[in-house]
Amino acid sequence: MVAQHTRRSGTMAVAATVMGMMAATGCTGAGAVADDVDAVDEVVRAADALERARSSRTRTAMEMATGGTRVTIRGEGGYDFARRTGRLTVVLPPDPAGLDEHEPITELLTPGALYMKNRGAGVPADKWVRVDTAALDDGNLVTGGATDPLAAAELLRGAEQVTFVGESEVEGERVRHFRGTTDIGRAARAARPHARPALAAAAKGFANRAVPFDVYLDDAGLLRKVRHRFTFANEGRAVAVTSTTVLFDFGEPVVVRLPDEQDIYTGKVEV
């Protein structure tokens, strides 16, 4: 049983035909959304639930196809949703030619800025690179190789329609799986102030502002897993990127210390 939910004039409604089918068949439980549950509203509120949870551990994966080859960038770390800061260790895939091994990149995520250590050639090993996320065409939804977990949740504020898929498990926890599409521009307008500039930049930079997603919420409404499928233009070609974020160990302390000014590299960064 699948329930379809749509945004209508600022209110949410379950399609009457589906509810009629449920009444006629007696369909309840894992395959159906409870009568008065509004899936769209629940997904939209995912970012608020994370801030109440304060912090968590996280794993990320960003998969893209380039030159006929599919590569995956992986990250792991923690995020303090109350302070809106996170720390990830991002591992790049091996060089396709097998010539170079990339050292992991340390990323510090903050509202408005991304700090990276071991960013690339020409940057001293003890220095950080600071990037203004609002100045990036994608608002750093994909540039850093990992989508900021809080930004991934804020992006869901633009959800227009959501389908309940069913129940499953993430990290051993029972979750409800929803599928839908969010609009980056709508999300930017609805986002909290700290997330608006980056999402507004992304709304202008992506080839398609409509972003399909799969989201997994637990019984408390906490975001356990989200997968976004982005499309952006690169040298005139549309590139598809799938970004997955998994959250677990909620309440685990996460300490993020931003670099001192003298530790930030100000020279040219080679790609």
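Everything below is about the structure printed above this text.
Rules used throughout
Residues numbered from 1 in each chain as written. Predicted model: local features only at pLDDT ≥ 70, side-chain atom pairs only at ≥ 80, totals over all residues. Heavy atoms only, no water. Helix = DSSP H or I, 4+ residues; strand = E, 2+ residues; numbered from the N terminus. Buried < 20%, exposed > 50% of the residue type's maximum accessible area, 1.4 Å probe, protein only. Contact = heavy atoms within 4.5 Å. Areas by Shrake-Rupley, 256 points an atom, 1.4 Å probe, with all protein chains shown as cover. Phe/Tyr/Trp six-rings, centres within 6.5 Å; stacked < 30°, edge-to-face > 60°. Lys NZ or Arg CZ within 6 Å of the ring centre and 35° of its normal. Core = buried A, V, L, I, M, F, W, Y, C linked by side-chain atoms within 4.5 Å. 1 Å grid on protein atoms, 1.4 Å probe; cavity = no way out; pocket = protein on both sides within 12 Å on 5 of 7 lines; lining within 4 Å. Points joined across faces, edges and corners; volume = space filled by probe spheres on them. Nonpolar A, V, L, I, M, F, W, Y, C, P; charged D, E, K, R; others polar. Salt bridge = Lys/Arg side-chain N within 4 Å of Asp/Glu carboxyl O. Pairing = 2+ DSSP bridges. Polar contact = N/O pair within 3.5 Å; in protein donor to acceptor, adjacent residues only side chain to side chain.

Draft legend 1. Highlighting the overall build of the protein. Scanning the protein from N- to C-terminus turns up six helices and 13 strands. Residues counted as buried form 48% of the 271 residues belonging to the protein. Sequence separation of at least 24 residues holds for 59% of the intrachain contacts in the protein that already meet a minimum separation of 6. Entry remark: accessible area of the protein is about 13200 Å², with carbon and sulfur atoms responsible for 48%.

Draft legend 2. Structural detail: the packing of aromatic side chains. Tallied over the entire structure, the rule returns three aromatic pairs. The ring of Y216 carries K225 above its face, with NZ or CZ at 5.3 Å from the centroid.

Draft legend 3. View of the nonpolar core. Core analysis: the largest hydrophobic core is formed by 58 residues, its most contacted members being V43, V215 and L223. For this core, the element with the highest residue contribution is helix α3 (residues 46–53), accounting for five residues. Among residues more than four places away in sequence, those in contact with V43 are L156, A159, V162, F178, F213, V215 and L217.

Draft legend 4. How the structure looks around empty space enclosed by the protein. Counting across every chain of the model gives one cavity of 30 Å³ or more. Taken as a whole, the largest cavity encloses approximately 200 Å³ of empty space. Looking at the lining of the largest cavity residue by residue, the class counts come to 11 nonpolar, six polar and two charged.

Draft legend 5. How the structure looks around the pattern of salt bridges. Taken as a whole, this structure holds 18 salt bridges when the rule is applied. With a shortest N-O distance of 3.5 Å, R257 and D260 are connected by a salt bridge. Given a relative accessible area of 30%, D260 falls into the partly exposed group. Within this structure, D48, E51, R84, E154, R157 and R192 form a network of salt bridges that share partners.

Draft legend 6. The arrangement of the environment of A113 in detail. By secondary structure assignment, the location of A113 is in strand β7 (residues 113–117). Each C-alpha atom, one on A113 and one on A134, is 8.0 Å from the other, the two residues being 21 residues apart in sequence.

Draft legend 7. Expanded view of helix α6 (residues 196–205). Of the residues making up α6, those classed as buried are A198, L199, A201, A202 and A203. Buried positions along α6 lie against α4 (149–154) and α5 (184–190).

Draft legend 8. Spotlight on the environment of E173. In this structure, E173 sits in strand β10 (residues 173–183). Residues contacting E173, with those up to four places away along its chain left out, are S168 and R224.

Draft legend 9. Geometry of the side chain of T133. Considering the arrangement of structural elements, one finds T133 in the loop between β8 (128–132) and α4. When residues no more than four places from it in sequence are discounted, the contact partners of T133 are G112, A113, L114, G139, N140 and A198.

Draft legend 10. Fine view of the pairing of strand β9 (residues 159–170). In the sheet, β9 pairs with β10 via 10 bridges, with the strands oriented antiparallel. Bridge pairing in β10 places F164 opposite F178.

Draft legend 11. Representation of the side chain of E154 in the model. Its place among the elements puts E154 in helix α4. Judged by relative accessible area, which is 0%, E154 ranks as buried. Here R157 takes part through its side chain, which lies 2.6 Å from a polar atom of the side chain of E154. Setting aside anything within four residues of it in sequence, one finds E154 in contact with A47, E51, A187, A191, R192, H194, A195 and L199.

Draft legend 12. Focus on α3. Within α3, seven of the eight residues are buried, leaving the element largely enclosed by the surrounding structure. Those residues of α3 lying buried are A46, A47, D48, A49, L50, E51 and A53. A positive phi of about 75° marks R54, the residue just after α3.

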